[in-house]
Structure formats: structure tokens, C-alpha cells
Amino acid sequence: MATRRPSERSPDIWTTPRFHPSRAGRKPFPIMPLRMPMPFLNRRRPLVVVAIVAGLAAVAMALASWRADEAPASRALTPVMSVTLTAPRAAPLALQVPATGHVMAWQEASIGAETEGLRLTEVNVNVGDQVTRGQVLAAFNAALVRADVAEAHAAVAVAEAEAQEADGNARRANLLEGSGAMSAQQISQYLAVAAVARARLDAARAAAQRQHVRLSHAHVLAPADGIITARTATVGAVVPAGQELFRMIKDGRLEWRARVALSDLDALAPGQVGLLRVPGQALIRGKLRIVSPDIDTQTHSGQVYVDLPRDSGVRAGTFVTGHIELGEVPALTLPQTAVLLRDGFHYVMRVGTASNVVAVKVEVGRRIGDRIVITRGLAEADRVIASGLSFLSEGDTVRVVEASPQAAPVVRSANPARTNAEALARSGS
């Protein structure tokens, strides 16, 4: 390929001398021509751009690293807030098994009519009345029964007379035995007649006794001490035998039939104390009597029977909640303000050696007043921040101050870590 001479090159902005416009009217001076050919610059331009971008990125990363190193230092020097520390308190915790159920009658008695076809003439009690054993609750018209009793007594008298006559004939027949005056067959007949007469007398006496029982059934009596809970008896009604007239709680005794989770049944035993919470009343204290041996296939729970005191004041049929006490165990408690619930987990916050906040996950139990039971994750010697946890995050710098309201004012120091260490030492002592 033939090479062009410099004199043959076409003039362009890179080779043609140019003059600055500000030097109009003066002696022009030529701008040095750029001898770099265009193809060379076009090939180097991408590399130059890449180098510039890489340099800017390096500068930006250096600035970010410097700021990141400076931020913790600035936070360490400036506490976000002042806090007080508290320690877990060891206290006996009552173990309880929750239960729910209805209050029912220990035994419910159904009192009905025991005689047939009599008219009810008296009703002496109503629902809610306290009754005693043998008290007359209602009465029937007993005129017909009294007539039957008199007839039965007359039948007994006839049977007694016949029996006496038959016995006399049998004795005389026995005296003539062996004399030849009467045959053996006749003597046997007299003896049989006497036996039949005695049997008829016994039947007449039994019939009379039955009529006496009917007469006693003309009065409806309370089978035991208790409380009337239902009454269907109406004056003037003629009721059949067996129809219920009253319903009562036997001995006025109530029990709590409570449902307990299957996992808690093995811990229950007769004699344990049950506490019932009834709205508007004080806690009712009962005694566990029976743990049911079977499990409900629908609810997968067991049933327990708790005897209640007679003066409990609770009504039968009331649905109540409560628990069975199993005893006491030692437990650690904290103020509820010292425990933070975040993202479904419970945390306490401790102060590290560098005055920084350290979040510790714990497991909690039930609440007792303004305190909460810590079941796992905390030791008795640990000290945690007492309040204000919602304003703190892990890694924040804090200043520890005395919890006593008479404590001296906190002296601000340029080194909060040293101040916190001294406060921790004082609180630990």
C-alpha cells in the first residue's frame, strides 16, 4: 500500500493551525497541531473510560468504608438512652392444670307418684326450697285407699276366724287317731283344711299390708335432705304411678365436672385442690374426688369430678373455668416491662462490656400480677434492662444508671463504657 506524503494529507482540525478568537487584530500564534492520528484515539477511548469508572468506584468504596468505620465509633461515644438494670426474682410458683366444665348436682333425685289413680290435693314446696328427709312435699286424696285398708282388715278377720276353726278341727282329729272312730283319710283332710286356712290368713294380712303401703304413698315424702330444682306437680291432677312430681339435688351437694387436657391427666390425683372462678364471686375452693378412667373420643380430653362446699353459692348448671393445683416449684420472674415481644419471640436485653445492648431470647410462662415467669434462657445472676426495650435495638449504646430514685445525678463522661462498668459493679454488689 502506497504511503501518502505529508504534503498530500487533507487539512483537518487536527493538522491545520488555528488561532484563538481573543487575539483578533494581534499577531496570531499557531496552536500546535495534534499529530495523533484519529484511528489511534478511537482504539484507546474505551480503555480510558473504563479506567475512569474504576477509579471513581474505588473512591466511592473508600468513602463508604470510612463512614462505616466512623459510625460505630460515633454511636459508642453517644448513648441512645439511660437505662436501669433488674435481676430475676426467685419465688415459688404454683403448678396449675387448667380445666373448664359445668357445675352439676352430685346426685339428683326424681320424686314421683307411687300410687295409681289418686287426685293430688296438696303441693307444699316449690323450686328452690330446702327440704329435709321425710318432709311431706305433696298429698293425694286418700279416701279410697282408706276404704281399701278397712276392707283388707275385714278380710283378715274372716281369715283368722276360719283359721281358728280349722285348727280346732285338726286338733280334735289328731286326738281320735288310732281309736277307730275316724279313718286316716278324714284326719288328713282336717289337717289340710287347717293348713289352707292359715295360708289364707297370711294372704289376707299381706293384702292389708299392701293397702297400708298405698295409704302411705298418699303423702309424697322427701327421700333425703336437699334442694328442690324442678316441680311438675299440680293440685287437682290425677297422675299415674311413676310420673315425676319433683326433682331435687340430694343433700344439696354440688360437684364440678371439668374437662382436662389428656397430657395433664397423669399429674392429677384424688385429694388435690381445685379452684373455680365464678364471675362476680370469690374463688371457690373444692376437692378433687374422682379422675375419670376413660377419654372422650370427640374432644380427646378427660373428665374430673371436684366436690364443692355446700355454702359455695354457685348454681347447678353454671359453666365455670378454673384449675387444679399440683403444688409449688421454684421459678424466676421478671417485671413484664423487662420482656419484649418481637416477631413472635420473647427477648430480654442485657448490657455488654462495651455498654452495648445484647438481646437474649427467652421462654416465658404465665403472668403473675405485673411479673412474668421466665422458664428458659435466663439465670438468676443475670441482670437485664428493666424497661424501655421497645426503644432499643441490639448493638445500641446505653448508659446504666441507678434504679433508686434518691440516686445522685449521673455524671456525663466521655467514656460511657467505664461509667457503665462502674454502675454494673455497684448493682452487682
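Residues numbered from 1 in each chain as written. Predicted model: local features only at pLDDT ≥ 70, side-chain atom pairs only at ≥ 80, totals over all residues. Heavy atoms only, no water.

It is worth spelling out the nonpolar core at this point. Of all hydrophobic cores here, the largest spans 22 residues; its most connected members are V131, L137, F140, V220, L245 and F246. Where this core is concerned, the elements lending two or more residues are β4 (108–112), β5 (118–123), β7 (136–140), α2 (143–175) and β11 (244–250). Beyond its immediate stretch of four places on either side in the chain, F246 contacts A109, S110, I111, V123, V125, L137, A138, V220, I228, A230, R231 and A233. Among the nonpolar cores identified, the runner-up in size contains 21 residues, and A105, I249, L254 and L265 belong to it. (Core = buried A, V, L, I, M, F, W, Y, C linked by side-chain atoms within 4.5 Å. Buried < 20%, exposed > 50% of the residue type's maximum accessible area, 1.4 Å probe, protein only. Helix = DSSP H or I, 4+ residues; strand = E, 2+ residues; numbered from the N terminus. Contact = heavy atoms within 4.5 Å.)

Turning next to the pairing of β5. Strand direction decides the pairing type here: β5 and strand β10 (residues 238–239), joined by 2 bridges, are antiparallel. Bridge pairing in β10 links R119 to V238. Both β5 and β7 contribute to a ladder of 3 bridges, which runs antiparallel. Paired with E122 across the bridge in β7 is A139. (Pairing = 2+ DSSP bridges.)

Here the focus is the sheet that holds β10. Reading across the sheet, the 4 strands line up as β8-β7-β5-β10 and stay open at both edges, with antiparallel pairing between neighbours. Looking at the sheet topology across the chains shown, the edges are occupied by β8 (219–221) and β10. Where β7 lies against β8, 3 bridges are found, and the strand directions are antiparallel. By the bridge assignment, A139 is partnered in β8 with H219.

Let's shift gears to helix α3 (residues 184–216). Given 3.6 residues per helical turn, the α-helix brings residues three or four places apart onto the same face. Taking 1.5 Å of rise per residue, the 33 residues of α3 would be expected to cover 48 Å, and the 49 Å separating its terminal C-alpha atoms lies within 8% of that figure. Burial in α3 covers these residues: I187, A194, A197, L201, A204, A208 and Q211. Contacts from the buried residues of α3 go to α2. (Expected span 1.5 Å × (residues − 1).)

Right, let's get into the environment of P309. Inspection of the secondary structure assignment puts P309 in the loop between β15 (301–307) and β16 (319–335). P309 gets classed as partly exposed once you look at its relative accessible area, which sits at 33%. In this structure, the C-alpha to C-alpha distance between P309 and G286, residues 23 residues apart in sequence, is 6.7 Å. Ignoring any residue separated from it by four or fewer positions in sequence, one finds P309 in contact with I284 and R285.

Working definition: an aromatic ring pair is given by the centre-to-centre distance plus the angle between the planes. One pass over the full model with this rule turns up 0 aromatic pairs. Taking NZ or CZ as reference, R253 lies 3.9 Å from the ring centre of W106, over its face. In this structure, K361 packs its charged tip against the face of F345, placed 4.0 Å from the ring centre. (Phe/Tyr/Trp six-rings, centres within 6.5 Å; stacked < 30°, edge-to-face > 60°. Lys NZ or Arg CZ within 6 Å of the ring centre and 35° of its normal.)

Mean pLDDT over the protein chain: 81, with 78% of residues reaching 70 or higher. Here residues 31–36 is modelled with pLDDT under 50, and outside its nearest four sequence neighbours on either side it reaches 6 contacts, counting other chains as well. (pLDDT = per-residue confidence, 0-100.)

Attention shifts here to the sheet that holds β4. Hydrogen bonds between backbone groups are what pair the strands of a sheet, and the pairing can be parallel or antiparallel. One open sheet accounts for 4 strands, arranged β4-β11-β9-β6; its pairing is antiparallel. Unpaired on one side and paired on the other, β4 and β6 (130–131) mark the two borders of the sheet. Bridge analysis of strand β9 (residues 226–231) against β11 gives 5 bridges, and the strand direction is antiparallel. Its bridge partner being in β11, I227 is matched across the sheet by I249.

For D251, which is not glycine, the phi dihedral falls at a positive 60°. Note that D251 resides in the loop between β11 and β12 (254–261). The backbone of D343 shows a phi angle near 55°, a positive value even though the residue is not glycine. One can find D343 in the loop between β17 (340–342) and β18 (345–351). Exposure remark for D343: the relative accessible area of 70% places this residue in the exposed category.

The pairing of β16 with strand β20 (residues 371–376) spans 4 bridges and is classified as antiparallel. What sits directly across from L334, in β20, is I372. Pairing between strand β19 (residues 357–368) and β20: 4 bridges, direction antiparallel. Residue pairing for β20: R367 is matched across the bridge by I372. What sits between the antiparallel neighbours β19 and β20 is a turn of 2 residues, in which G369 has the positive phi angle 65°.

Helix length check: α2, at 33 residues, gives a terminal C-alpha distance of 49 Å against a target of 48 Å (1.5 Å per residue), a fit within 8%. Structurally, α2 contributes buried residues whose contacts are with β5 and α3.

As for its position among the elements, S292 is in strand β14 (residues 284–295). Owing to a relative accessible area of 12%, S292 belongs among the buried residues under this scheme. Engagement of the side chain of S292 in a polar contact is seen with the side chain of D294, the distance being 2.4 Å. Apart from residues no more than four positions distant in its own chain, S292 is found in contact with Q303 and Y305. (Polar contact = N/O pair within 3.5 Å; in protein donor to acceptor, adjacent residues only side chain to side chain.)

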